[in-house]
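Listed here are the chains, written in short residue letters.
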Amino acid sequence: CYLPDDRTGSGLLMDHSVEDNIVFTAVHAWGQLLKSPFLAGLSLLNEHSSRVFAEDWVERLQVKCSSVGQRAWELSGGNQQ
C-alpha cells in the first residue's frame, strides 16, 4: 500500500467520486500485476460490480462519506487519506 504525503496532488482523483478512486486504484494494481504496460489499467468494468466493490472497501476502510458517489474533494482530510 502506498500513501503519498501529497494526497491531493498524487494520491486522489479529487474531482472524481470515491467509487472512481477505489476502482481506478484496483484496476491500476491489476495492470501492474500483469506487468504489461499495454494492459496496465485496461479493463472492461461492470457498473454494478464496481459499485459493490467500492461500497465493500468503503466499509472495510471505514471511510465516512454520504455515498460512494461523493466527490473526493468533499471528504475530510482523514477520510481522503
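In the block above lies the structure referred to throughout.
Residues numbered from 1 in each chain as written. Predicted model: local features only at pLDDT ≥ 70, side-chain atom pairs only at ≥ 80, totals over all residues. Heavy atoms only, no water.

**Q** When you look at the overall build of the protein in this model, what are you seeing that I'm missing?
**A** Scanning the protein for helices and strands turns up 4 helices and 0 strands. Ordered by position from N to C terminus, the α and β elements of the protein give α-α-α-α. When burial is assessed residue by residue, the protein has 26% of its 81 residues classed as buried. The contacts in the protein between residues at least 6 apart in sequence include a share of 57% that link residues at least 24 apart. Of the roughly 6,100 Å² of accessible surface on the protein, 55% is carried by carbon and sulfur atoms. (Helix = DSSP H or I, 4+ residues; strand = E, 2+ residues; numbered from the N terminus. Buried < 20%, exposed > 50% of the residue type's maximum accessible area, 1.4 Å probe, protein only. Contact = heavy atoms within 4.5 Å. Areas by Shrake-Rupley, 256 points an atom, 1.4 Å probe, with all protein chains shown as cover.)

**Q** How do you make sense of the pattern of salt bridges when you look at a structure like this?
**A** Opposite charge on two side chains makes pairing possible when the charged atoms of those side chains draw close. A complete count under the given rule lists 2 salt bridges for this structure. Across the pair Arg51 and Glu19 runs a salt bridge, and its minimum N-O distance is 2.8 Å. Of the two residues, Arg51 is situated in helix H3 (residues 47-61) and Glu19 in helix H2 (residues 18-34); the sequence distance between them amounts to 32 residues. Overall, the relative accessible area of 36% leaves Arg51 in the partly exposed class. (Salt bridge = Lys/Arg side-chain N within 4 Å of Asp/Glu carboxyl O.)

**Q** Could you clarify how one ought to interpret the layout of surface pockets in this entry?
**A** Unoccupied space between atoms shows up once a probe the size of one water molecule is rolled over them. Its volume calculated, the second largest pocket comes out at about 160 Å³. In this structure, the second largest pocket is lined by Glu19, Asp20, Val23, Phe24, Val27, Leu45, Glu47, Ser50 and Arg51. Breaking the lining of the second largest pocket down by element, the ones donating at least two residues are H2 and H3. The dominant element in the lining of the second largest pocket, judged by the number of residues it contributes, is H2, at 5 residues. (1 Å grid on protein atoms, 1.4 Å probe; cavity = no way out; pocket = protein on both sides within 12 Å on 5 of 7 lines; lining within 4 Å. Points joined across faces, edges and corners; volume = space filled by probe spheres on them.)

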